[in-house]
Amino acid sequence: MTTYQCPMCGRKFEKAQATGCAGCMMARACGAIACPNCGYEFPAVPEEA
Amino acid sequence: MKGPRKRKFRHRKQFPELNHLRIALVGQPNVGKSVIFNNWTGLGAIVSNYPGTTVEILEGTVYLSYRDVYSPRWHPGIKDWQPTEEDEFQQDDRPFRRDRPGRRQHGRGIGKHFRKWALKDFDETIEGLQLDIVDLPGSYTIVSPSTEDEKVTLRYLQQDTPDVIVNVVDATNLPRNLLLTIALLEFNIPMVVCLNQVDLARRMGIEIDEKKLEMLLGVPVIPTVAIHGTNLKLLLRTAAKSGAYKGVRPNPRRFLFPNGIEAKLRRLEQRLSQMQLCPMNLPLRILSQQLLEEYAQCAACIESSLESEEALNLVKTIRTEIEKEFDEDIVLVLGEKRKQYAIYLTEQVQQGKGKRVPLTEKISAILTDRVFGLPIALLVLIGSLLIMFAAGAIFDATVGEFWEAFINPTAQYLITTYVPSVIVQVILYYGLVLGIQAWLFIAVPFVATFYIILSILEDTGYMARIAFLLDAFMHRLGLHGRAIIPLLTGMGCNVPAVLGTRILSTRRERLIAGFLVVLVPCSAQLAVILGTVGLYASIFFAFLILAIVFGIIIGLGALLQHTLPGASHGLVMEIPPLRTPRLKPTLKKTWLRFREFVYIALPLIIIGGAVLGLLLYFPTPDFSYLYMVSLWAAPLVVGWLGLPAETAAAFVYGILRKELTVELLVILANGPINTFMTPRQMFVFALITTIYIPCIATIAVLFREYRWKYTLILATSTVILAFFLGGVANFIMLGLGFP
Ligand SMILES: Nc1nc2c(ncn2[C@@H]2O[C@H](COP(=O)(O)OP(=O)(O)O)[C@@H](O)[C@H]2O)c(=O)[nH]1
Ligand SMILES: [Mg+2]
Ligand SMILES: [Zn+2]
């Protein structure tokens, strides 16, 4: 499972937990995910262990 | 029925009387109390001055389910330990009070595994035991407090007696920290020692045996790394348990003075216990030491007592006895003994002496420092913007010149000679040539540079530190978490930030947060607007816009936060370690952000350019549609804002994406912007663009979240606000003599 770490609040989470960018013009095509903890949006580049 | 509901109820029943506990974080300065406090309470803390002082204490709330507090098994690891003959120091392990003497249950069998599993993770939002956390000011000592902070800490422990003390201890400097721990053990308050910064200690070559320290002190010791959030949940649970199981807590092993001092101290203690003292809830042992050390405040308290004469005489006698025996001032004698004990404890539990602090830790400490942190962050911000301006200037001088000198004339020649229709000529020239030119000038130098810098800030871990600093800064301004979360997240993109307001509980809170979010310029907008203004008008103006925008946000946040209720489950931060960014992920991040500018912004600007060209040339170039619109908008745009009339079109098109306004401006200028607009005009234009109507994607999501009424109100009010401020700025600058 790929995990991401939010650069704003440090929360580590999995893709399924990310809050979506639903409602955005790019839908999910923008390649960004938003942190479930603080909502900060950043490009989905997984954390390398 | 065997649902979790029933279980919860069962655990609730273990504490029929228990509704809430107050936990005080006590420790020396800079040990990490505030980091722990923030982690537990999130951003929703309340700052207040301790009554009658200027000292700030922070209070916050967190909930723990009863299931997490209930565990028949006491904190593991505290075994009975007796000092051996050759041990230098003896300890006092008389119990304070035992309601249920010595009853300890041990988990067994499958139940044990269940509890282990159940305690693994707890849900902070579940209704349960309310824990009020207090962050007390940093104090080196409470036996003879000298600073205002220390006095407040002591007074708090006496008068507002918390249910549990969490003594935060810096593992890198155990002897000094244990001095405070020893004194805290004298209070009849359940205590947990948090051995913090073990990461730093380990890297300095210090290993601490926390189990042994636990035995020596007689209270639970939890090793933690506060900045990474390690073990903080366990610490909270242990603290809650210590408060909940008053009867079965282990006994703190208190320090006994050696060499006959102890007997004398006991005598004094005995005498004091017979007196009717003022209702100060100070442990007699600490009071005796204070009296012996002639600590002024308590002498006054004793004097008010009836038998004070005799007691004070006893104090005097004992003091002279001890001073004679050691031939030294009593303050030094007692201090020395305490220090020796602290060093003794340290030697028992610590392996390895502190070596050097690793460089990254030093840097990290400076970056998040209370004093230097924010100025450094500000410098980094300014530096990043300057780099952006420089990149813009270089790009302009090279690619820009080349485009102006070769591509543009060549394309113009090709279009006019080979394309017969005027309409197609205009569309091609304005859309493709000028459109792409505008996009190139704006998107590439400013946005790309900005995104590279942003990715680097994120990947080094500095971003999280800025968030941490900003949070602390907001606290000092009296703003609590809910007003700042949108500020931080809105910077990335407004759309998910608006969606993020869903976590707020009431509709009113969501509306307020939504309004704040919309005012925050997203990073793309900011890069374009600041870059253009900085490069073509003045760098000072760029910073001014930044300052105004954040002034508005902070001001609004402060105004609106009064309407938000206090306690919240705020943001939990875990600051990642500093590291050097790696090239590939950083570039990938930059590209993922930037590609939106290729796939979406570029087509939009080409279309926009073409439409603008048509509006400029038809029906006739001298009396075009754009001219008609401009005439209509002139009172506002020219009269009030002092801008060229054509910019009205840019404002309208900017609804699609805000940075399009600036790109359209480049097309309108049909050359360098600074020949088309003066610095004053650019400033006003940029200010309005920053504030006015959110982009269409944000409007769409606002509509989804709040329905049309509030969306309309929000859009209109931002537009009015923007045009109002723009006009004010225009007249102020005219008044100041800007052309
Ligand atoms: N390496 C490391 N640094 C920490 C840890 N906990 C806190 N710090 C740092 O210690 C400094 C002081 O923390 P703070 O919470 O302000 O201390 P306070 O004065 O006790 O409230 C900050 O720079 C923190 O980043 C930790 O567990 N490890
Ligand atoms: Mg602090
Ligand atoms: Zn986050």
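Counting restarts for each chain: residues are numbered from 1 in the order of the written sequence. Lettering for chains starts from A, numbering for ligands starts from 1, and both go in the order in which the items are written. Restriction of local features to residues with pLDDT of at least 70 applies here, the model being predicted, together with a cutoff of 80 or more for giving and counting side-chain atom pairs; totals for whole chains, interfaces and linings are based on all residues. Side-chain metrics rest on all non-hydrogen atoms present in the structure, leaving aside hydrogens and water.

A. Seen up close, the sheet that holds strand β2 (residues 46-49) of chain B. Residues and elements named next belong to chain B. Within the open sheet, the 7 strands sit side by side as β2-β3-β5-β1-β6-β7-β9. Their pairing is mixed. The sheet terminates laterally at β2 and β9 (221-223), the two strands that pair on one side only. Strand after strand, the sheet turns through a mean of 25° between neighbouring axes, direction not considered. Pairs of strands are assigned from DSSP output, requiring at least two bridges between the strands. Helix and strand assignments come from DSSP, with helices taken as H or I runs of at least 4 residues and strands as E runs of at least 2, each series counted from the N terminus. The pairing of strand β1 (residues 20-27) with strand β5 (residues 129-135) spans 6 bridges and is parallel. Considered in β5, the bridge of alanine 24 is made with valine 134. Together, β1, β6 (164-170) and β7 (191-196) form the strand contacts of helix α6 (residues 174-184), whose direction differs from that of β6 by roughly 165°. Axis lines are fitted to C-alpha atoms, over the contacting stretch for helices. Their N-to-C directions set the angle, which ranges from 0 to 180 degrees. In what follows, a contact means two residues having at least one pair of non-hydrogen atoms within 4.5 Å.

B. Quick look at the packing of α6(B) against helix α14 (residues 330-349) of chain B. All names here are of chain B. Where α6 meets α14, the axes come as close as 8 Å, and the angle between the chain directions of the two elements is 115°. In this structure, the crossing between α6 and α14 has a hand that is right-handed. For the pair formed by α6 and α14, the contact residues are Leu174, Pro175, Leu178, Leu179 and Ile182 on the first element and Arg338, Lys339, Tyr341, Ala342, Ile343, Leu345, Thr346 and Val349 on the second. Handedness of a helix crossing follows the sense of rotation of the near helix relative to the far helix, less than a right angle counterclockwise being left-handed and clockwise being right-handed.

C. Here's a closer look at a nonpolar patch on the surface. All names here are of chain B. Together, Leu378, Leu381, Ile382, Leu386 and Ile539 give the surface a local cluster of nonpolar side chains, amounting to about 380 Å² of exposed area. By the secondary structure assignment, leucine 381 is in helix α16 (residues 373-418). On the basis of relative accessibility, which here comes to 39%, the residue leucine 381 falls in the partly exposed class. The patches described consist of residues with a relative accessible area above 30% and no salt bridge, like charges being joined within 9 Å and nonpolar side chains (Val, Leu, Ile, Met, Phe, Trp, Tyr) within 5 Å. Here the open area of atoms and residues is found with the Shrake-Rupley method and a 1.4 Å probe, where only the protein chains shown may cover a residue. Any carboxyl oxygen of Asp or Glu that lies within 4 Å of a side-chain nitrogen of Lys or Arg is treated as forming a salt bridge with it. When accessible area is computed with a 1.4 Å probe and restricted to protein chains, residues below 20% of their type maximum are described as buried, those above 50% as exposed, and intermediate ones as partly exposed.

D. Up close: the packing of aromatic side chains. Residues and elements named next belong to chain B. Aromatic rings from Phe, Tyr and Trp, with only the six-membered ring used for Trp, were paired whenever their centres fell within 6.5 Å, and each pair was classed as stacked if the ring planes differed by under 30 degrees, edge-to-face if by over 60, and tilted otherwise. Per the stated rule, a full pass over the model turns up 20 aromatic pairs over all chains. Taken together, a centroid distance of 5.7 Å and an interplanar angle of 90° make the contact between tyrosine 429 and tyrosine 430 edge-to-face. Just as tyrosine 429 is buried, tyrosine 430 falls in that class too. Ring centres of phenylalanine 594 and phenylalanine 597 lie 5.9 Å apart, and the angle between their planes is 10°; on these two criteria the pair is classed as stacked. Placement of the pair is phenylalanine 594 and phenylalanine 597 together in helix α24 (residues 583-617), with a separation of 3 residues, close to one helical turn. By relative accessible area, which is 11% here, phenylalanine 594 ends up buried. Three or more aromatic residues link up through ring pairs in this structure, and these residues are Trp439, Phe450, Tyr451, Phe594 and Phe597. Only when the NZ atom of a Lys or the CZ atom of an Arg is both within 6 Å of the ring centre and within 35 degrees of the ring normal do we say a charge sits over the ring. For arginine 593, the ring lying beneath its charged end belongs to tyrosine 451, and the centroid distance is 5.9 Å. Across from the ring centre of phenylalanine 703, 5.4 Å away, lies the NZ or CZ of arginine 707, which sits over that ring.

E. Just the confidence of the model for chain B, in detail. All names here are of chain B. The pLDDT value expresses, per residue, how confident the predictor is, ranging between 0 and 100. Summing up the model confidence of chain B, the mean pLDDT is 78 and the portion of residues at 70 or higher is 79%. For chain B, per-element mean pLDDT is lowest for helix α4 (residues 109-118), which scores 45, and highest for β6, which scores 94. Every residue in residues 93-126 is under pLDDT 50, and counting partners more than four places away or in other chains gives 55 contacts. Across residues 566-570, where pLDDT falls below 50, the model places 13 contacts with residues more than four positions away in sequence or in other chains. Interface confidence for the predicted complex, expressed as ipTM, amounts to 0.90; the pTM equals 0.57.

F. The arrangement of the pairing of β1(B) in detail. Residue and element names in this part refer to chain B. Counted residue by residue, β1 has 6 buried out of 8 residues, so it is predominantly covered. Note: β1 against β6, 5 bridges, orientation parallel. From the neighbouring strand, glycine 27 faces β6, where its bridge partner is valine 168.

G. Spotlight on the site of ligand 1. Residues and elements named next belong to chain B. The cutoff for a nearby residue is simple: one of its non-hydrogen atoms must lie within 4 Å of the molecule or strand. Around ligand 1 sit 17 residues in total, of which Asn30, Lys33, Ser34, Asp199 and Ala226 are the nearest. For ligand 1, an oxygen atom lies 3.1 Å from a polar atom in the backbone of valine 31. We call two N or O atoms a polar contact when they sit within 3.5 Å, provided that within protein one can donate a hydrogen and the other can accept it, with sequence-adjacent residues counted only if both atoms are side-chain atoms. In the environment of ligand 1, an oxygen atom lies 2.8 Å from a nitrogen or oxygen atom belonging to the side chain of lysine 33. The fraction of the free accessible surface of ligand 1 (580 Å²) that becomes covered by protein chains is 88%. When residues of the shell around ligand 1 are traced back to their parent elements, those giving at least two are α2 (33-41) and α7 (198-203). The leading source of residues in the shell around ligand 1 is α2, at 3 residues. A breakdown of the residues in the shell around ligand 1 according to their chemical character gives 7 nonpolar, 7 polar and 3 charged. Only Asp, Glu, Lys and Arg are considered charged, only Ala, Val, Leu, Ile, Met, Phe, Trp, Tyr, Cys and Pro nonpolar, and every remaining residue, Gly among them, polar.

H. Layout of the pairing of strand β3 (residues 56-64) of chain B. Residue and element names in this part refer to chain B. When you tally the buried positions in β3, you get 7 out of 9 residues, the bulk of the element. The pairing of β2 with β3 spans 4 bridges and is classified as antiparallel. Counterpart to serine 48 in the pairing with β3 is isoleucine 57.

I. Main features of the pattern of salt bridges. All names here are of chain B. A complete count under the given rule lists 12 salt bridges over all chains for this structure. Of the charged contacts in the structure, one is a salt bridge between lysine 589 and glutamate 458, with a shortest N-O distance of 2.9 Å. Placement of lysine 589 in helix α24 and of glutamate 458 in helix α17 (residues 422-460) is noted, with a sequence separation of 131 residues between them. Of the two residues, lysine 589 and glutamate 458, both sit in the buried class. Between lysine 589 and aspartate 459 there is a salt bridge, with the nearest N and O atoms lying 3.0 Å from each other. Of this pair, lysine 589 sits in helix α24 while aspartate 459 sits in helix α17, and the two are 130 residues apart along the sequence. Accessibility expressed as a relative area gives 6% for lysine 589, which makes it buried. A cluster of three or more residues bridged by salt bridges with shared partners is formed by Glu186, Glu262, Arg266, Glu269 and Arg285.

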